[in-house]
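Fold and contact review
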Amino acid sequence: MSLDMDDALEMFLVESRELLGDMETALLALEGADDKTEMVNAIFRAAHTIKGSSGLFSLDHVVAFTHVVESVLDKVRADQIALSDKLVVLLLSCSDHIGSLIDGVAAGQLAGTPELLAAGEPLVTQLRAFLDAAKAAAQAQNAPDPSRQMPTADTEQVQRIHGDTANADHWHISLRFGPDVLRNGMDPLSFIRYLGTMGRVVAIETVTDGLPDAEHMDPELCYLGFELAFQSKVDKAAIEQVFEFVRDDCRLVILPPHSLISEYVSLLNLQQGDAARLGDMLVRCGTLTPQELDMALNTQVDAPNTPIGTILVEQGSVQPEVVEAALTKQKQVKEAGATESKSIRVDADKLDQLINLVGELIIAGASVNMIAHRSRVIELTEATSKLATLVEEVRDSALQLRMVRIGATFNRFQRVVHDVSRDLGKDITLVIDGEDTELDKTVVEKIGDPLMHLVRNSMDHGIESAEVRAARGKPAQGTLKLNAYHDSGAIVISVEDDGGGLKRDKILAKAIERGLVDASHHLTDAEVYGLIFEPGFSTAEKVTNLSGRGVGLDVVKRNITALRGTVGINSEEGVGTIVTVRLPLTLAIIDGFLVGVDKAVYAIPLDMIEECVAYSAEPGHDYTNLRGEVLPFIRIRELFSVPGKPAKGENIVVLKHAGQKAGLVVDTLLGEFQTVIKPLGQMFAQSKCISGSTILGSGDVALILDVPALVRQAMSKSGQAPPERAVVG
Amino acid sequence: MSAANVLKMDGELTIFRAMELKPAFLAQPPVTEIDLSGVTDLDTAGVQLLMLAKKTALAQGRDVRLVGHSAAVIDVFELLNVAAYFGDHLVMDSRTPATGARS
């Protein structure tokens, strides 16, 4: 049982975080949106659902806080509170606070810590201020209405009800709330209030039949029902929409204006209690006249055992719109079912397990393949090659499962930019591109923090204050661009700002002062810019609370390197800076290309191979002429100190990384191979130019070459300055 | 009937305090008057509690009066049209048979 609860709680945590994400997105989208209703609804829905679910887990502190948030949102929905910029900022903080509360729950603090609760108090105070203001405004508005000032305004009420009875040209809504709605954090009152914003509640009767005696009454259960006469131009679906949040938890009957008596019969039939009493209420609501009620009750008596539906069909008296509404409803339910089944939630561990198995499958498949070739049985060879194709497809779809769009990660930065630009007093807009680019889930999870640092750094140090920008003739609003795209087997994420750019001299001076470089050494621009990723390097004159403490960029570089990625930076003083993060697409399985040197076999990620050419070299130099271009190369034999003489007919594999090419001299080309990346042990952590290992079909181990490192080495060896951007990762 | 036994309500009359408030409404000696002037917030759970107090009193042949309705209370009573449920005797009388049948 407790296990079930744990599962449910886990689900709750995941869902709440998603909802908070939605809430944040909607809050940020509010700025500049024309029609805010949809977003306000989304925000309300998020707060509401979190409150409801927290109630289920008795997380009273979460419920208490979200309740206040929800109350404010409810008033926003009802147009009683204007959605000011200040309120958006406050709601964002509230969303953060709910996030911390949820995190606290995840950490096992089911009642919240005093610190957390204290942190929520100022927010609640501010929210209350909004509520009070709204209340005051509402009262001021309603002051001229005399009924408001009379506590027992029965005469007024009665008059109002009977005033409209002549024509039943209004909707009749019959509501019976389930006992748990209150516990789930919902208040029937708010639905009725909201209904009031869509039209006019002509009359309302509160059904108290369900209220038990004092002994059996649980004050946290809901016992009330409502019969409403509602005048509005909206359609049925819109009315149903109002009760969307409680649809599962209430019995809702909506009868259109001028419905036939028989439909009221069915409503009466639904009533478990005294049908006559309900009938009375319909009369009081002005929905039915007493004569009509008599007719209805008589019909009911005439056919006590016939289902009402049958009566309706027999009489052929159902209004088309009712049938249509019913059909639409059914269709909606079906469609909802269809979309729901389109995506399922899978435990990430199970997915990892699958990827591991696929990896093993590939290794086993490779060994079968080799044996088949050796046995020279044609049928067997054919069968295994077919199998290999299938395994490849399985691999691709398994990896595809782990691919997620980077959009969600990018969108988080809307909030960061929103908040940080306020903190800094700068006007900065975020432009997002390529949010549909997919990459491995693990990479997405780990890239968040480094990106955050880059973004903050750009905003803090890159983009200048409005005055400086104006003086430099730039638009007052700074622009930060996040972009993602695929490029030769890697994903490239760039963070670009149109700020002041890097000051080459200052960086160099600082680096010399810190002893990072030798003063006599000549460095290229890119090398100089790359220095800012060195540990303990910061040129910010003053330390702000965002960045400038000298930690961070080196951590960014380390994190990205840990993902087998690289960071590049390019900058123009006064124009802007672009930081380019290059990451491998997947972390588990790649298409590899095998090369042999002596008896050892090495694997190279296929995406990074441009072409293979026969060996040639400029005499006495470690470079060759590739169709008129200088191509520096590295001999694996030398690099790894492989003994023995080079074989005849050596080959050069042309590698490409981050816009640079380098050659790799090998003995033999062995062809493509699906490479399952196995990490190297801690012992080999220091070894350069090797990024991992893989197991071949024969059971032998092959080392995977680290292409970025090789290209870098070839470049530095040839002394050639990288053409565009430095690779410092 | 003995001297008035006034129960003064303050602050929220909502689901959050429903559990704690129920005994107060049903306390002995019976409450004869509930002062709502200090109520800042009323929700369905609160309305139910007030109804329960009224109903219990009627079932025992007593009555309980609600006085000093605050703006928040009036707002909800208006919305739900339940003033009559608690209100003057004329209306109550016409409903009493139904009330009796229910309990």
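Residues numbered from 1 in each chain as written. Chains lettered and ligands numbered in written order. Predicted model: local features only at pLDDT ≥ 70, side-chain atom pairs only at ≥ 80, totals over all residues.

Brief notes about the overall build of chain A
Stated formally: Secondary structure elements are taken from DSSP: a helix is a run of H or I of four residues or more, a strand is a run of E of two residues or more, and numbering for both begins at the N terminus. Exposure is read from a count of other C-beta atoms within 10 Å of each residue's own; the residue is exposed at 12 or fewer, buried at 20 or more and partly exposed in between. C-beta atoms are placed from the backbone. Residue pairs are scored as contacts if the distance between their C-beta atoms, which are placed from the backbone, is within 7 Å.
The helix and strand inventory of chain A stands at 24 helices and 22 strands. Taking all 729 residues of chain A together, the buried fraction comes to 35%. Relative to all contacts within chain A whose residues are 6 or more apart in sequence, the contacts with residues 24 or more apart total 70%.

What to know about the environment of Gln-400 of chain A
Structurally, Gln-400 of chain A can be placed in helix H16 (residues 378-402). Separated by 39 residues in the primary sequence, Gln-400 of chain A and Leu-439 of chain A place their C-alpha atoms 8.9 Å from one another.

What to know about the sheet that holds strand S17 (residues 651-657) of chain A
Residue and element names in this part refer to chain A. We count it as follows: Pairing between two strands is assigned when DSSP locates at least 2 bridges connecting them. Where helices are involved, their axes are fitted lines through C-alpha atoms of the stretch in contact, as for all axes, and angles between N-to-C directions lie from 0 to 180°.
Strand order in the open sheet formed by 5 strands is S14-S17-S18-S16-S15, and the pairing between neighbours is mixed. Across the chains shown, the open sheet's two edge strands, defined by having one partner strand only, are strand S14 (609-614) and strand S15 (623-626). Taken pair by pair, the neighbouring strands of this sheet meet at an average axis angle of 35°, ignoring direction. Taken together, the 5 bridges between S14 and S17 define a ladder with antiparallel strand orientation. Looking across to S17, one finds that Cys-612 is bridged to Val-653.

So, the sheet that holds strand S4 (residues 250-255) of chain A
All names here are of chain A. If you trace the 4 strands from one edge of the open sheet to the other, you get S2-S3-S1-S4, paired in antiparallel fashion. Looking at which strands have only one partner, the edges of the open sheet turn out to be strand S2 (200-207) and S4. For this sheet, the mean angle separating the axes of adjacent strands, direction not counted, is 15°. Note: S2 against strand S3 (residues 225-231), 7 bridges, orientation antiparallel. Considered in S3, the bridge of Glu-205 is made with Glu-227.

Points about the nonpolar core
Keep this limit in mind: In this description, a nonpolar core means buried residues of the types Ala, Val, Leu, Ile, Met, Phe, Trp, Tyr and Cys, linked to one another by C-beta atoms lying within 7 Å.
Of all hydrophobic cores here, the largest spans 55 residues; its most connected members are Leu-228 and Phe-230 of chain A together with Leu-49 and Ala-53 of chain B. Counting residues per element, this core draws most heavily on helix H2 (residues 44-59) of chain B, at 6 residues. Apart from the residues lying within four places of it in its own chain, the contact partners of Ala-53 of chain B are Phe-25, Val-31, Ile-34 and Val-64 of chain B. With 39 residues, the next largest nonpolar core counts Tyr-602, Phe-633, Val-653 and Ala-714 of chain A among its residues.

Brief notes about unusual backbone geometry
All names here are of chain A. A positive phi angle is found at Arg-376, which is not glycine, with a value near 60°. Among the residues examined, Arg-376 registers 8 C-beta atoms within 10 Å and is labelled exposed. Even without being a glycine, Ser-641 presents a positive backbone phi close to 50°. By the element assignment, Ser-641 lies in the loop between helix H23 (636-639) and S17.

That's the geometry; what it means functionally is another story.
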